[in-house]
Amino acid sequence: MDLFCGAGGLSLGLKEAGFTTLVGADSDPIAIETFVANIGGLGYLGDLSDVGMFLDHLEAWGINSVDLVAGGVPCQPFSRAGQSKVRSLVQSGLRPKGDPRTELWRPFVAVVERLNPRMVLLENVPDLATWREGSVLVGFREQLRKMGYRTHVKILNAFDYGVPQHRARLFVVGTRLEGAFPWPRTWRHRNNLRDAIGDLPEAPPAQREESLPYDQPVSPLQKRLRRGVPRDESGKVYDHITRDIRPDDAEAFSLLGEGDTYMDLPK
């Protein structure tokens, strides 16, 4: 079961690891439509802060146990970028000072308590560990401990596991097994940007065509990313769209060397 599932990124990884997702739950209708179309299973559209309504749906569906309850509780209140945005919205009067999303780990725990899964997996930004002196992480782990789970916490960087992006995430695993949790080993080969998009056709400024001719994948990552593309679509790439370049940006780009930033430009 995937709570706060979004479009299904976490469930896709779990699916490739051998899991079958019974339910994805989120408050975004487009995310749920995407999830059901690509991941499968049942989609629950609703506000998970009203966890009683969700639990009633599970009962009506006849779902009373799962092996794993997983989810990515909304991270915006805990991330540095998110905190900055929220602060500006509060100052402008568009959002109340208290952010109810900081309490959404409690419905997550309520679902775990109802279903009593063999394992629990929570994913979030690393700053969750220090938010309000770690109170959210401590509270979450303590509630799981009361239900008999041992918790294991680690920050993993996606770059160490084949993703061509430096993206650190905090993972909390709850299990009733004794001993240490076997975290995945880092990959020997780290994919870079060229491994990811070096196969894309050149796109001029202001490219707005829906599809462009595509040759073929070259790197192992490119081949994996295009796995499952129908044969009649293999010679196309979609959404390869660019914005136009403003004259001041064009001048700046012409002056920048490889690895330079805007700080390196002449006055």
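The structure displayed is predicted, hence computed values, not measured ones.

(A) Seen up close, the pattern of salt bridges. Taken as a whole and judged by the stated rule, the model has 11 salt bridges. Close ionic contact of Arg 243 with Asp 249 constitutes a salt bridge, the shortest N to O distance being 3.6 Å. By relative accessible area, Arg 243 is classed as exposed at 51%. Ionic contacts of the salt-bridge type, sharing partners, join the residues Arg 243, Arg 246, Asp 248 and Asp 249 into one network.

(B) Representation of the confidence of the model for the protein chain within the structure. Per-residue confidence for the protein chain averages 88 on the pLDDT scale, and 87% of its residues sit at or above 70. Per-element averaging of pLDDT across the protein chain places helix H4 (residues 80-91) at the bottom with 50 and strand S3 (residues 42-45) at the top with 97.

(C) Representation of a negative patch on the surface within the structure. On the surface, Asp 47, Asp 50, Asp 56 and Glu 59 cluster together to form a negatively charged patch. Judged by its relative accessible area of 47%, Asp 47 falls in the partly exposed class.

(D) How the structure looks around the sheet that holds strand S6 (residues 150-157). The 7 strands are arranged S3-S2-S1-S4-S5-S7-S6 in an open sheet whose pairing can be described as mixed. One side of each edge strand has no neighbouring strand; the edge strands of this open sheet are S3 and S6. Where strand S2 (residues 23-26) meets S3, 4 bridges bridge the pair, whose relative direction is parallel. Along S3, the bridge assignment pairs Gly 24 with Gly 43. Most of the contacts of helix H1 (residues 9-16) go to strand S4 (residues 68-71), to which it runs at about 140°, and overall it touches strand S1 (2-3), S4 and strand S5 (119-124).

(E) Main features of unusual backbone geometry. The residue Asn 116 is not glycine, and still its phi comes out positive at about 50°. Residue position: Asn 116 is located in the loop between helix H5 (105-115) and S5. Classification of Asn 116 by relative accessible area gives partly exposed; the value is 48%. Phi is positive for Asp 239, which is not a glycine, with a value near 60°. Relative to the helices and strands, Asp 239 resides in the loop between strand S9 (236-238) and helix H9 (247-255). Relative accessible area serves as the criterion here: at 63%, Asp 239 is assigned to the exposed category.

Rules of the game
Residues numbered from 1 in each chain as written. Predicted model: local features only at pLDDT ≥ 70, side-chain atom pairs only at ≥ 80, totals over all residues. Heavy atoms only, no water. Salt bridge = Lys/Arg side-chain N within 4 Å of Asp/Glu carboxyl O. Buried < 20%, exposed > 50% of the residue type's maximum accessible area, 1.4 Å probe, protein only. pLDDT = per-residue confidence, 0-100. Helix = DSSP H or I, 4+ residues; strand = E, 2+ residues; numbered from the N terminus. Patch = residues over 30% accessible without salt bridge, like charges linked within 9 Å, V, L, I, M, F, W, Y side chains within 5 Å. Areas by Shrake-Rupley, 256 points an atom, 1.4 Å probe, with all protein chains shown as cover. Lys, Arg positive; Asp, Glu negative; His and termini not counted. Charge placed at Lys NZ, Arg CZ, Asp CG, Glu CD. Pairing = 2+ DSSP bridges. Contact = heavy atoms within 4.5 Å. Axes fitted to C-alpha atoms, helices over the stretch in contact; angles between N-to-C directions.

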